[in-house]
Amino acid sequence: MTRATLLQNGLVIDGTGAGGWIGDVLLMDGRIAALGENLGGRLPPGLAPEEVTPIDCTGLAIAPGFIDVHTHDDAIVLKQPDMLPKVSQGITTVITGNCGISLLPFIVDKPEPPLNLLGADSFRFDSVPSYERAIIQAQPAVNVAVLIGHTTLRFACMGDLTRAASASELDAMCALLTQCMESGATGMSSGLFYEPAFAAPADEVVRLAQVVSRFGGVYSTHLRDEMATIVEALHEAGDTAFSAGVPLIVSHHKCAGPANWGRTQQTLPLIELLARRQPVAMDVYPYVAGSTVLREDLVDGVIDVLVSWSTPHPEMTGRTLASIAAEWGVDQKTVCRRLQPGGACYFQMHEDDVRRVVAHPLTMIGSDGLPHDQHPHPRLWGAFPRVLARYWREEKLFSLETAIYKMTGLSARNFRLHQRGQLQPGWHADVVVLDPARVRDVATYEDPIALSEGIEKVFVNGELAYVAGTADASSAKVQARAGRLLRRHVTQP
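Criteria and thresholds
- Residues numbered from 1 in each chain as written.
- Predicted model: local features only at pLDDT ≥ 70, side-chain atom pairs only at ≥ 80, totals over all residues.
- Heavy atoms only, no water.
- Phe/Tyr/Trp six-rings, centres within 6.5 Å; stacked < 30°, edge-to-face > 60°.
- Helix = DSSP H or I, 4+ residues; strand = E, 2+ residues; numbered from the N terminus.
- Buried < 20%, exposed > 50% of the residue type's maximum accessible area, 1.4 Å probe, protein only.
- Contact = heavy atoms within 4.5 Å.
- Polar contact = N/O pair within 3.5 Å; in protein donor to acceptor, adjacent residues only side chain to side chain.
- Salt bridge = Lys/Arg side-chain N within 4 Å of Asp/Glu carboxyl O.

### Overview of the packing of aromatic side chains
And step 1. All chains considered together, the criterion is met by 7 aromatic pairs.
And step 2. Look at Phe66 and Phe384: their rings are 5.8 Å apart centre to centre, the planes differ by 15°, and that puts the pair in the stacked class. A residue pair is termed long-range when its members are at least 10 positions apart, and Phe66 in strand 6 (residues 66–68) and Phe384 in helix 13 (residues 379–394) qualify at 318 residues. Like Phe66, the residue Phe384 is buried in the burial classification.
And step 3. Ring geometry for Tyr287 against Tyr445: centres 6.4 Å apart, planes inclined by 80°, an arrangement best described as edge-to-face. Of this pair, Tyr287 sits in the loop between strand 14 (280–284) and strand 15 (290–293) while Tyr445 sits in the loop between strand 19 (431–434) and strand 20 (455–460), and the two are 158 residues apart along the sequence.
And step 4. When its relative accessible area of 2% is taken as the criterion, Tyr287 is described as buried.
And step 5. The rings of Phe106, Phe123 and Phe155 are connected pair by pair, giving a single aromatic cluster.

### Focus: the environment of Gln179
And step 1. Tracing the chain through its elements places Gln179 in helix 5 (residues 167–182).
And step 2. For the pair Gln179 and Asp82, spaced 97 residues apart in the sequence, the C-alpha separation amounts to 30 Å.

### Some words on the environment of Tyr285
And step 1. Structurally, Tyr285 can be placed in the loop between strand 14 and strand 15.
And step 2. Take Tyr285: its relative accessible area is 3%, and that puts it in the buried class.
And step 3. Sequence separation between Tyr285 and Gln139 is 146 residues, and the spatial gap between their C-alpha atoms is 27 Å.
And step 4. Ignoring sequence-local partners within four residues, the contact set of Tyr285 consists of His252, Lys254, Gly290, Met349, Val354, Gly366, Ser367, Asp368 and Arg379.
And step 5. A polar contact is formed between the side chain of Tyr285 and the side chain of Lys254, at a distance of 3.4 Å.

### Remarks on the pattern of salt bridges
And step 1. Enumeration according to the criterion identifies 29 salt bridges in this entry.
And step 2. Put simply, Arg154 and Glu204 hold a salt bridge, and the shortest N to O gap is 2.8 Å. Remark: Glu204 occurs in helix 7 (residues 202–214) and Arg154 occurs in helix 4 (residues 150–157); sequence separation between them is 50 residues.
And step 3. Residue classification places Arg154 among the buried residues on the basis of a relative accessible area of 0%.
And step 4. We classify Glu204 as buried; its relative accessible area is 3%.
And step 5. Across the pair Asp171 and Arg207 runs a salt bridge whose closest N-O atoms are separated by 2.7 Å. With Asp171 in helix 5 and Arg207 in helix 7, this residue pair connects regions lying 36 residues apart in the sequence.

Here it is, written out as structure tokens:
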């Protein structure tokens, strides 16, 4: 028996940036069957009214499911496949393997930083097919598209990461990356900011990116520096991608550190200049704090640093370095050393810079959440609703249609996700129903694990994945888990 869902009388926002309109969306057999007005009175031939579940969306918006382009969800989709932090935001697809850190292709018992951001016991996959088998077995609630991390390739093929790869080591990395691209990986990411990749010269990355280019993939990068030499780092990233012939994605664009506040007025024009000669996009999370492993070089005694986890001192989770330093009678760098290995939120950015990046036409939205943190950054649970509440509804930086486009159509186009990111007949039925008047993030730095409000229903591949709570948020729950691994598709959607 055919199963169909009819979303009726909602504000249909198709994910292209075009204006919304009041109408219906019919979901059938995992696809979007039709869009229009009064579809209940003109169902497709062979579809009986009793086979259709109608859902009244009066006062609500119907949009494509959100695509989280910057995640570290590689392992959590297997360990906690309900993926409540993501589906509760309206997210239906996650891009994994960012910042040069991917779960594959590498097997190790005790991953070193920054690989440990993906969990201490997660590295069990030497190929895309082995990871896909695990995805099929876990049945996550969201779709997964995979980037292969440059840092992971270095760990897999090199013994000494404090230098450039030798010719034979680079050949081995290219061979591994080729296998992954042949198996459907979306592209490659780099994290030259992190110590295990910092010694890699641009030529090493170009050679690997050329492999990605042959398969029509994309290159995403956590820049070598987001502080004093960010302009030089942007030029390096642009030249790397241009030389290799791949589209460039600048990860979580920011100007970090008080000395760099305001410099988006330099970096954004530079990104626009690069975009005139090559495909370029960027992503952003809508917060003034970043989050990564504990690093002394990021502790300056000026910005606030909030501990998100610590192996030797788990009791300090949720505390600031300043408060711990006062208690222990030492400086903050000493505290940082004593807490390692660990993670933290760094309040590095200025709101004006965040606002400029969020509003830029080349910008997509990504959460960059770290799901294994004991006290995570609130972006893990609230990034997408925060964009809608703060930057669309409150600050009016752009239209609702543009906000949705930054989370859907633009993201699908840049990452080449076939027939996703838009409400189009015949395309995959990843759909979110939300209340534009109510949608907002609830997670805070003090209380980071909290369901957002206003995300009413989420469909993944046509299946109802999430329903908001009725009496209170605690009654919200994940329904069907219909996510799958999305293999790279070269044809633009």
